[in-house]
Amino acid sequence: MPTQSPVTDELIEMRGLRFHYRDWPSERPGAPDLVLLHGFSGHARSWDAFASAMTDRYRVLALDQRGHGESAWAPADGYGVEEMVDDLAAFVKALGLKGFSLLGLSMGGNVAIHYAGRRPPELAALVIVDIAPTIERAGIGRIQTGVQASDVFETREAAFAAARAASSVPPEEHHRHRVMNGLMRTEDGRFTFRYDRALRSGFGRRRDADMEAVGWRACGAIAAPTLMIRGETSDILSPEVARRFVETVPDARLATVAGSGHSIPLDKPDGFLAAAREFLRG
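Quantities reported herein were computed from a predicted structural model and do not represent experimental measurements.

Participant: Please clarify how the overall build of the chain should be interpreted in this entry.
Facilitator: Helices and strands together make up the secondary structure of the chain, namely 11 helices and 11 strands. What you see for the chain is a C-alpha radius of gyration of 17 Å, in line with the 19 Å of a compact globule of 282 residues. Counting only C-alpha atoms, the chain reaches 50 × 45 × 40 Å along its principal axes. The buried share of the chain, taken over its 282 residues, is 54%. Long-range contacts, defined here as pairs at least 24 residues apart, represent 75% of the contacts in the chain between residues at least 6 apart. Averaging the positions of the 34 positive and the 37 negative side-chain charges in the chain gives two centres separated by 1 Å.

In structure tokens, the structure reads:
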């Protein structure tokens, strides 16, 4: 799925690690910045279609978070939320962002919640996609099962076939683009996904009760106007928790994308774009 706008791939060294990000210039001179944070199994290329569509209003920056995509892998104990929040703060400072908007999906949304809870003056608007400090057990179990499954494939097509078997909801071309741009070769010539396997063992440790309480405190401290986008059939974010989120964040609203599960930008890219554009007027 080719992008419709020019985009450059950049590397930046921050906090002792090399990070990769994609930079889409805006069609509009002097446009504000929009930073995108992917989910646990995602990468910066996951945002290609959405980012290209938003260049009429924003310069768009999609960051590969530590251990993902083309960014460097951290020590095995270096994947906590606070480490990723500090990465984001360093990124904002390094690029000199002012008055920017931030959009995060799932893991990236959790990072965005904790970052926004620090009340950074540079943040103008926030979009959280299908995540809150309280997560449904069914969704956690599904994700843990998925990341513990074999992720080494004989061919790229075999990797895509496995992804389609797991979910046939996303538009096929859109799904193929995400999978194909998230693969790397192994030394035996097979293919695997571009993220650190140490994340598998570290994933569950981020969901303890104290972290949940800290997350809700962060929600209450958010000062920026906020949109929560929930997938109608999400097994991660319940309707009740979504309502609690918008009641806890001082200036928040809720949008629901029909027919979508947790991975809204993948499942229903048009519905996701419509919801985000309505809020992010630029």
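Participant: How do you make sense of the sheet that holds strand 4 (residues 59-63) when you look at a structure like this?
Facilitator: Strands pair in a sheet through their backbones, by hydrogen bonds, and they do so in one of two ways: parallel or antiparallel. If you trace the 8 strands from one edge of the open sheet to the other, you get 1-2-4-3-5-6-10-11, paired in mixed fashion. Each edge of the open sheet carries a strand with a single partner, namely strand 1 (8-14) and strand 11 (252-257). Averaged over all neighbouring strand pairs, the angle between strand axes comes to 20 degrees, with direction disregarded. The sheet contact formed by strand 3 (residues 33-37) and strand 4 spans 5 bridges and is parallel. Pairing of V35 across the sheet is with L61, part of strand 4. Contacting strand 1, strand 2 (17-24), strand 3, strand 4 and strand 5 (100-105), helix 2 (residues 81-95) crosses the sheet at an angle of about 110 degrees to strand 1. On the sheet, helix 11 (residues 269-279) packs against strand 5, strand 6 (123-129), strand 10 (226-231) and strand 11 and is oriented at approximately 165 degrees with respect to strand 10.

Participant: Quick question: what am I supposed to make of the sheet that holds strand 9 (residues 191-193) here?
Facilitator: Strand order in the open sheet made by the 3 strands is 7-9-8, with antiparallel pairing throughout. The open sheet has two edge strands, strand 7 (152-153) and strand 8 (183-185), and neither has a second partner. As paired elements, strand 8 and strand 9 share 3 bridges and run antiparallel to each other. Bridge pairing in strand 9 places R185 opposite F191.

Participant: Help me understand the packing of helix 2 against helix 3 (residues 107-116) in this model?
Facilitator: For any two helices packed against each other, one specifies the crossing angle of their axes together with the interaxial distance. In the contact formed by helix 2 and helix 3, the axes pass within 9 Å of each other and the chain directions differ by 70 degrees. Comparing the axis directions of helix 2 and helix 3 gives the class roughly perpendicular. Contact residues: helix 2 offers V81, E82, M84, V85, L88, A89 and V92, while helix 3 offers M107, N110, V111, H114 and Y115. Classifying every residue of the contact of helix 2 with helix 3 by side-chain character gives 9 nonpolar, 2 polar and 1 charged.

Participant: I tried to follow the nonpolar core on my own but got confused; where do I start?
Facilitator: Side chains of a nonpolar character, in soluble globular proteins, are inclined to be buried together. If you look at the biggest cluster of nonpolar residues, it comprises 53 residues, and the most contacted ones within it are V35, L88, F100, L102, I128 and F245. The residues contacting F100, other than those within four sequence positions of it, are D33, V35, V92, Y115, E122, L123, A124 and A125. Formed by 26 residues, the second largest nonpolar core is a distinct cluster that contains W47, I229, A276 and F279.

Parameters and conventions
- Residues numbered from 1 in each chain as written.
- Predicted model: local features only at pLDDT ≥ 70, side-chain atom pairs only at ≥ 80, totals over all residues.
- Heavy atoms only, no water.
- Helix = DSSP H or I, 4+ residues; strand = E, 2+ residues; numbered from the N terminus.
- Rg over C-alpha atoms; globule rule 2.2 N^0.38 Å.
- Buried < 20%, exposed > 50% of the residue type's maximum accessible area, 1.4 Å probe, protein only.
- Contact = heavy atoms within 4.5 Å.
- Lys, Arg positive; Asp, Glu negative; His and termini not counted.
- Charge placed at Lys NZ, Arg CZ, Asp CG, Glu CD.
- Pairing = 2+ DSSP bridges.
- Axes fitted to C-alpha atoms, helices over the stretch in contact; angles between N-to-C directions.
- Parallel < 35°, antiparallel > 145°, perpendicular 65-115°, else oblique.
- Nonpolar A, V, L, I, M, F, W, Y, C, P; charged D, E, K, R; others polar.
- Core = buried A, V, L, I, M, F, W, Y, C linked by side-chain atoms within 4.5 Å.

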